[in-house]
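Commentary on secondary and tertiary structure
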Number of protein chains: 4
Amino acid sequence: MAPRKLRIAAAGLGRMGHRHALNFLNRTPRAELVAAFTPDPKELQWGKQHLEPFGVTLYDDYDKMLEHTALDAVVIGTATSVHAEEAIKAMEKNLHVLCEKPLSTSIEICREVVEAAKKRPHLKVMCGFSRRFDDSYRDAFNKAEQGLIGRPTILRSQTCDKHDPSGFFVEYAAWSGGVFVDMAVHDIDLTLWFFGDDIVPKSISAHGVVAVQPGLKQHKDYDNAVGIVEFWNGKIAHYYCSRMMAHGQEDVTEIIGTEGKLSVNLNPQNNLVNYYHAGGITREIPAHYYGRFEMAFVREANEFAAACLDDTPLPMKLRNAVKAVEIGAWLQEALVSGKQIHFDETGRRVEKASL
Amino acid sequence: MAPRKLRIAAAGLGRMGHRHALNFLNRTPRAELVAAFTPDPKELQWGKQHLEPFGVTLYDDYDKMLEHTALDAVVIGTATSVHAEEAIKAMEKNLHVLCEKPLSTSIEICREVVEAAKKRPHLKVMCGFSRRFDDSYRDAFNKAEQGLIGRPTILRSQTCDKHDPSGFFVEYAAWSGGVFVDMAVHDIDLTLWFFGDDIVPKSISAHGVVAVQPGLKQHKDYDNAVGIVEFWNGKIAHYYCSRMMAHGQEDVTEIIGTEGKLSVNLNPQNNLVNYYHAGGITREIPAHYYGRFEMAFVREANEFAAACLDDTPLPMKLRNAVKAVEIGAWLQEALVSGKQIHFDETGRRVEKASL
Amino acid sequence: MAPRKLRIAAAGLGRMGHRHALNFLNRTPRAELVAAFTPDPKELQWGKQHLEPFGVTLYDDYDKMLEHTALDAVVIGTATSVHAEEAIKAMEKNLHVLCEKPLSTSIEICREVVEAAKKRPHLKVMCGFSRRFDDSYRDAFNKAEQGLIGRPTILRSQTCDKHDPSGFFVEYAAWSGGVFVDMAVHDIDLTLWFFGDDIVPKSISAHGVVAVQPGLKQHKDYDNAVGIVEFWNGKIAHYYCSRMMAHGQEDVTEIIGTEGKLSVNLNPQNNLVNYYHAGGITREIPAHYYGRFEMAFVREANEFAAACLDDTPLPMKLRNAVKAVEIGAWLQEALVSGKQIHFDETGRRVEKASL
Amino acid sequence: MAPRKLRIAAAGLGRMGHRHALNFLNRTPRAELVAAFTPDPKELQWGKQHLEPFGVTLYDDYDKMLEHTALDAVVIGTATSVHAEEAIKAMEKNLHVLCEKPLSTSIEICREVVEAAKKRPHLKVMCGFSRRFDDSYRDAFNKAEQGLIGRPTILRSQTCDKHDPSGFFVEYAAWSGGVFVDMAVHDIDLTLWFFGDDIVPKSISAHGVVAVQPGLKQHKDYDNAVGIVEFWNGKIAHYYCSRMMAHGQEDVTEIIGTEGKLSVNLNPQNNLVNYYHAGGITREIPAHYYGRFEMAFVREANEFAAACLDDTPLPMKLRNAVKAVEIGAWLQEALVSGKQIHFDETGRRVEKASL
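These numbers come from a predicted model, not from an experiment. (Residues numbered from 1 in each chain as written. Chains lettered and ligands numbered in written order. Predicted model: local features only at pLDDT ≥ 70, side-chain atom pairs only at ≥ 80, totals over all residues. Heavy atoms only, no water.)

1. Quick notes on the confidence of the model for chain A
In plain terms, the rule: A score between 0 and 100, pLDDT records how confident the predictor is in each residue.
Summarising the model, chain A shows a mean pLDDT of 96, and 99% of its residues fall at 70 or more. As a predicted assembly, this complex carries a pTM of 0.96 together with an ipTM value of 0.95.

What follows is the structure in structure tokens.
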């Protein structure tokens, strides 16, 4: 008898949604994509061409998709605003859930999802942070775990997108939660991974400028922002987010320990080619995050499938996804208000004067 | 109706064979691995565990496997000595063939395969040279095609394996055809790709040493060899093969043109991590060729499947595979004999004195 | 008649002092080191061996050295606490002054030196910031000036020293002014260079930890500190100082513009050697700042001599040296107090509430 | 009393000559440039401006210069054709000699210089091969000496000049001795250094093309040439010389040992700047060999001066300079004749058939 495969349905066939669908269709041997949902007619059309011929049933109604025969799991790649609702509905149907980050830009709503998941401990519910599945980050984490750099103390991490003059980022800012929630949330998640998810912030500072996308001001957002989070256990993380890179995607992390340092992607590159010409030596770099992290998403799909089928622990905790958004939101608040934020050792927010 | 998938059988489940089998099973969406053959009981056992549960029928007889219902194609990853015979048998059964390189270490036998394929032009018969399917080489080739380096003139290419003290390479040398046939054949194939497959050798020199594997001498082979092929159209390729690398796999190519240069993998690396420590900054590199070329083999499987299903041209010509072995054999001859080899402009071999 | 050479005297023969002395003695063709002063018997002994035989008169009294025959200039490399006094005394003797940074850790005293220099505009008075004389920084600055990166917007710069377990840094912290005044002052000076020296800070945040040198706490200093300076013209600089690097000196700068980016020393290296071994590929890096900036100090000496002899403008303004220390002191204040600092558009310090 | 300085005279003020003169004038603390000779009126004019004002006496007659008061040494940077004669004349005047490479393109004449030097063992006579004085090569050599790479076995080295469309290289080829004598001689000298200067060639092959400088054909020279020298002790060196680089000077060396590898300048660079732009990440590289080796020439001058003054051994043997030219000439012969050259274990040349 053939081994059972995870029967999964994909919600959303947009920018990330269609990639998750294809990854589960073609690059996750232990999963079977059986259904897909999108409310968008254009995306539905795409599904008719790329999914339906391979046995995937299409739906324009999320609730109906959840009724699909013998479904095991749902991968959610719709708009952020419906992530939480869809995740909870899926859990109510007893389905495992892999949800694109973030669960929500609202901490309250994030917590509701966590609560819903806590009530159903037999379900695997994961909010995917792609870097946790990237070969290079895994290798760096293992090296840190082995003690190669002593005690990790300073983490510098940046998420920098290629400049997009189309206005996309301005529209996006209306509901993204701001650069620290949308972009730095990855860097914050790495911080929780490398520093330990029990770390407690002590103080937070952030500064930003609008340099190339004046439209961002109306949404109180910035195209370049720098922030620092100091933790109570003697560690510091500092972040840089930008949507202004001329050269492409540049997501870099350095973990500095008491006895060494690890860097990830300090020298971004598209492939192993260098071009030598009269102006020097040039290498190209990925234009977008998917060029950098494609294989991480594939691994995410495979590890999620394995955890569901084998009932093994997921590679990351759901509540970290909430904590990362929470810290992101504080950074964003510090950025917009121009004020430092302070916390006591229990994580309770305090006025500096009262410390 | 679901789109038709290529029904393929895998011959050989050894070092490369089992990788081909898994790639067709799991990472080639348009193909379906339906059968596999191996004469080796241990490999058969592996197949029972990793292939059979997924609907793959196992055979210990190649001929019987060819009778498998509705088969379209065979991927051959057995020992080199049987490549040609198996390829020809498959063609006789009207099956497409993807054969691991080389077709044979004998030029005569290589040519028989080409002849057999010529008689069945409706069949896709390919001898896979993995580098042709590698992202970086593809990018370099496209840049050269676009004229970015002017006229390609000098090609330097090396295939260097990590030192293996187990004695494996010595055994292997008994039937591998020698370093230039076994290893440099990749570099020669790249030469045909970048310089044009109609290039005619003018003269060939080669020198080698046995530095760490004295056992190679009994097979008239070397663990380090350097060779030069000068072509009649004013181009030169030079090669370095080694089985002595302390650090891992290091396959490097430079294509030097009249107006620029392209390098591929001049700075090998395992991933994007750098480790900073008291001794400096270190990065790791792949230990073996599969660490470097894994995704190229996946692409090879996918492009082969597409060519068979859509009846489109294969990405490389079968006769190049013969020409590469032929040049490799001449280099090996020059190496063993300690004599330069010369050719006239038609490619006919001549004594230098007669030129 | 031989061209006139600048007759210069060196004050201080300690860590930096003796290097300045040797640079003026041996590597500054247009200068002649004629005298040297040090109050330290051990340094005097060194001078007897390395300077006296080459015609340099030694003094253990600074004032007497200033009376040396036909002196043109003084290079001051003594302890920071006496820089200002010695600089002013030299100016009073009508001598050009090249003073090791900083003029003082006190802004007040810095300003006194600037005032003294203003009264004698015919004198060349420079506080040397070595990076301004470094080939790579010069090249980066020229590229930025040419508009290659559009409008410089974000500057990230770090000064990171190799961990020194001897306790030297703890002693040093007693009078260094703190990490931001002692180390980041270089990064701040670069900021003034790349962003323009008329930039006005808007807000300043800083956070630090004591990770490996607990003794620093008694001096209210830190071995790792991160700070951000936001400027009124829509630019941000962020800094990282550390004395904890396992691997060596790592001074990195990135200047990110609206249309491109420049990096300086992102991949530190001692020389052009790479060592390939079973653990990967390793390169060494300089252990100390002099390994990185030796030639910058030589150029500094030569450009200072040229400016004095030819009465041409110095390559950097004296008041920038004060401004850099001032911003450093604010960062240090923000670090120690745990409070953000705010300024109005005229640079006047304000409480955030009042903005 | 001031320590004695080496009183040196410079012969030749052309391309390299004027650099040697300035290095001894300004960057060799233990030497004093007291005289200079050039037969060329334009060079003499340059000397009047840049040397005479600093106390250097100019001569347009070499013999007269040798009579200059109290001279200790001569640095010879004239045309290759007069190197040997001038060197011998200087020795006859009891002067130490630093001669730009090569002593001569004729082995016979080279040997005469060596003979002349042997008769005067108290004189320091050196033919400068700049790479021996380069920091990176020194470091690599020390690492090899310490056994870090086991037994050095394969050396790959290239000397590649930026393409010069002016026709300079064609003119130059008339008397340069050919690419292997003019360019590869550096790589051969490195081979003698890393493999030991007692190595005996076993066989030599070389191939070349004329790709961009058709005028070279009239001088039986090539703008791209590849050569292999196999030695009797189980070592191989292979070389690439080119005058066709679009991007600048690219002199690379790899030393591959039984337990590791060292590379020197595999990633050439002008400085530590990287420029990030819409087309990728670019670094510039030196346009000419002096951009790469300037500091090596300075060190050469200093070490030569020290050896003369302190009567210590020179850092390289004179007869190596002859051996390097000899091997270069054999490579050039193999290149032009299209025939492999063979030697017996004593280094005697033999026909292959007779082996």
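Following the structure, the description resumes.
2. Considerations on the interface of chain B and chain A
Quick note on the threshold: Any two residues whose heavy atoms approach within 4.5 Å at even a single point are treated as in contact. Note: buried area is the sum, over both parts, of the accessible area (probe 1.4 Å) each one loses when the two are combined. Salt bridge, as applied in this entry: a Lys or Arg side-chain nitrogen positioned within 4 Å of an Asp or Glu carboxyl oxygen. Under this definition, polar contacts are N or O atom pairs within 3.5 Å; protein pairs additionally need one hydrogen-donor-capable and one acceptor-capable atom, and for neighbouring residues in sequence, both atoms have to be side-chain atoms. Helix numbering and strand numbering both begin at the N terminus, where a helix is a DSSP run of H or I of at least 4 residues and a strand a DSSP run of E of at least 2.
Counting residues at the interface gives 31 residues for chain B and 31 residues for chain A. When the area that chain B buries against chain A is broken down by residue, the three leading residues are B:Leu272, B:Tyr275 and B:Tyr276, summing to 23%. Residue B:Lys143 is joined to A:Glu284 by a salt bridge in which the shortest nitrogen-to-oxygen separation is 3.0 Å. In this structure, the connection of chain B to chain A is made through 14 residue pairs in polar contact (both at pLDDT 80 or more). Mapped onto the side of chain B that touches chain A, the elements with two or more residues apiece are helix H6 (135-145), strand S12 (260-264), strand S13 (273-277) and helix H10 (289-310) of chain B.

3. Some thoughts on the relation of the copies chain A and chain C
The following threshold applies: Superposition of the copies was done by least squares, using only C-alpha atoms of residues whose pLDDT is at least 70 in both.
Superposition record for chain A on chain C: RMSD 0.0 Å, screw rotation 180°, translation along axis 0.0 Å. What the superposition gives is, in effect, a two-fold axis relating one chain to the other.

4. Notes on the sheet that holds strand S4 (residues 73-76) of chain B
All names here are of chain B. How we decide: One bridge is not enough; two strands pair if DSSP finds at least two bridges between them. Axis geometry follows a simple rule: fit a line to the C-alpha atoms, using only the stretch in contact for helices, then measure angles between N-to-C directions, giving values from 0 to 180 degrees.
Spatially, S3-S2-S1-S4-S5-S6 is the arrangement adopted by the 6 strands of the open sheet, whose pairing is parallel. Only two strands of the sheet have a single partner each, and these edge strands are strand S3 (57-59) and strand S6 (125-128). Averaged over all neighbouring strand pairs, the angle between strand axes comes to 25°, with direction disregarded. In this sheet, S6 lies alongside strand S5 (residues 96-100) in parallel orientation, the contact comprising 4 bridges.

5. Topic: the pattern of salt bridges
In this structure the tally under the stated criterion is 115 salt bridges over all chains. With a shortest N-O distance of 2.8 Å, A:Arg30 and A:Asp310 are connected by a salt bridge. Taken together, the residues span a long stretch of sequence, with A:Arg30 in the loop between helix H1 (17-26) and strand S2 (31-37) and A:Asp310 in helix H10 (residues 289-310) at a distance of 280 residues. We note a salt bridge from D:Lys202 to D:Glu230, for which the minimum N-O separation is 3.6 Å. Placement of D:Lys202 in strand S8 (residues 201-209) and of D:Glu230 in strand S9 (residues 224-231) is noted, with a sequence separation of 28 residues between them.

6. A closer look at the pairing of strand S10 (residues 235-245) of chain B
Successive residues of a regular strand alternate their side chains across the two faces of the sheet. All names here are of chain B. Condition: Exposure categories follow from relative accessible area, calculated using a 1.4 Å probe and restricted to protein chains: below 20% of the type maximum is buried, above 50% is exposed, and the middle band is partly exposed.
In terms of residue burial, S10 counts as a mostly covered element, since 11 of its 11 residues are buried. Inspection of the sheet shows strand S7 (residues 152-162) paired to S10 by 8 bridges, in the parallel sense. Considered in S10, the bridge of Leu 155 is made with Ala 237. As paired elements, strand S9 (residues 224-231) and S10 share 8 bridges and run antiparallel to each other. By the bridge assignment, Gly 227 is partnered in S10 with Tyr 239. Taking the residues between adjacent antiparallel strands as the criterion, S9 and S10 are bridged by 3 residues, where Gly 234 takes a positive phi near 75°.

7. Some thoughts on the relation of the copies chain B and chain A
Of the transformation superimposing chain B on chain A, the axial component is 0.0 Å and the angular component is 180°, with the fit at an RMSD of 0.0 Å. Both copies contact each other with a shared surface, as 100% of the interface residues of chain B are interface residues in chain A too.

8. Description of the packing of aromatic side chains
Basically, it comes down to this: Pairs were defined over the aromatic rings of Phe, Tyr and Trp, the Trp ring being its six-membered one, requiring ring centres within 6.5 Å. Orientation was assigned from the angle between planes: stacked under 30 degrees, edge-to-face over 60, tilted for the rest. We call a charge positioned over a ring when the NZ of a Lys or the CZ of an Arg lies within 6 Å of the ring centre and within 35 degrees of the ring normal.
Scanning the entire structure with this criterion turns up 48 aromatic pairs over all chains. Ring geometry for B:Phe195 versus B:Phe231: centroids 6.1 Å apart, planes at 90°, classification edge-to-face. Of this pair, B:Phe195 sits in helix H9 (residues 184-195) while B:Phe231 sits in strand S9, placing them 36 residues apart in sequence. Residues B:Phe195 and B:Phe231 agree in their burial class; the two are buried. These aromatic residues form a ring-pair network of at least three members: A:Phe168, A:Phe169, A:Tyr172 and A:Trp175. Between the NZ or CZ atom of C:Arg19 and the centre of the ring of C:Tyr290, over which it lies, the distance is 4.1 Å.

9. Details of the packing of helix H5 (residues 107-118) of chain A against helix H11 (residues 318-337) of chain A
Residue and element names in this part refer to chain A. Rules: Geometric relationships in this document are graded by angle, where less than 35 degrees denotes roughly parallel, more than 145 denotes roughly antiparallel, 65 to 115 denotes roughly perpendicular, and other angles denote oblique. In this classification, Asp, Glu, Lys and Arg are treated as charged, Ala, Val, Leu, Ile, Met, Phe, Trp, Tyr, Cys and Pro as nonpolar, and every other residue, Gly included, as polar.
Running from N to C, H5 and H11 cross one another at 170°; their axes reach a closest spacing of 10 Å. Looking at the two axes, H5 sits roughly antiparallel to H11. Seen from H5, the contacting residues are Ile 107, Cys 110, Arg 111, Val 113, Val 114 and Ala 117; seen from H11, they are Leu 318, Arg 319, Val 322, Val 325 and Glu 326. Tallied by class, residues from the contact of H5 with H11 come to 8 nonpolar, no polar and 3 charged.

10. Focus on the domain arrangement of chain A
Residue and element names in this part refer to chain A. For clarity, the threshold we go by: Domain delimitation in this document rests on an assignment produced automatically or drawn from a domain database.
Each assigned domain of chain A is listed here: domain 1 (6-128) and domain 2 (135-293 + 324-354). Domain 1 puts 13 residues into the contact, and the matching count from domain 2 is 13 residues. At the boundary of domain 1 with domain 2, total buried surface from both sides reaches about 1,100 Å², with 59% on carbon and sulfur atoms. A per-residue breakdown of the area domain 1 buries against domain 2 is headed by Arg 15, Lys 101 and Thr 105, which together make up 44% of the total. Our count for the contact surface shared by domain 1 and domain 2 stands at 2 salt bridges. Residue Lys 101 pairs with Asp 182 through a salt bridge whose shortest N-O separation is 3.6 Å. Mapped onto the side of domain 1 that touches domain 2, the elements with two or more residues apiece are H1 and H5. Ranked by the residues each element gives to the side of domain 1 that touches domain 2, the list is headed by H5, at 3 residues. Of the residues in the side of domain 1 that touches domain 2, the class split is 4 nonpolar, 4 polar and 5 charged.

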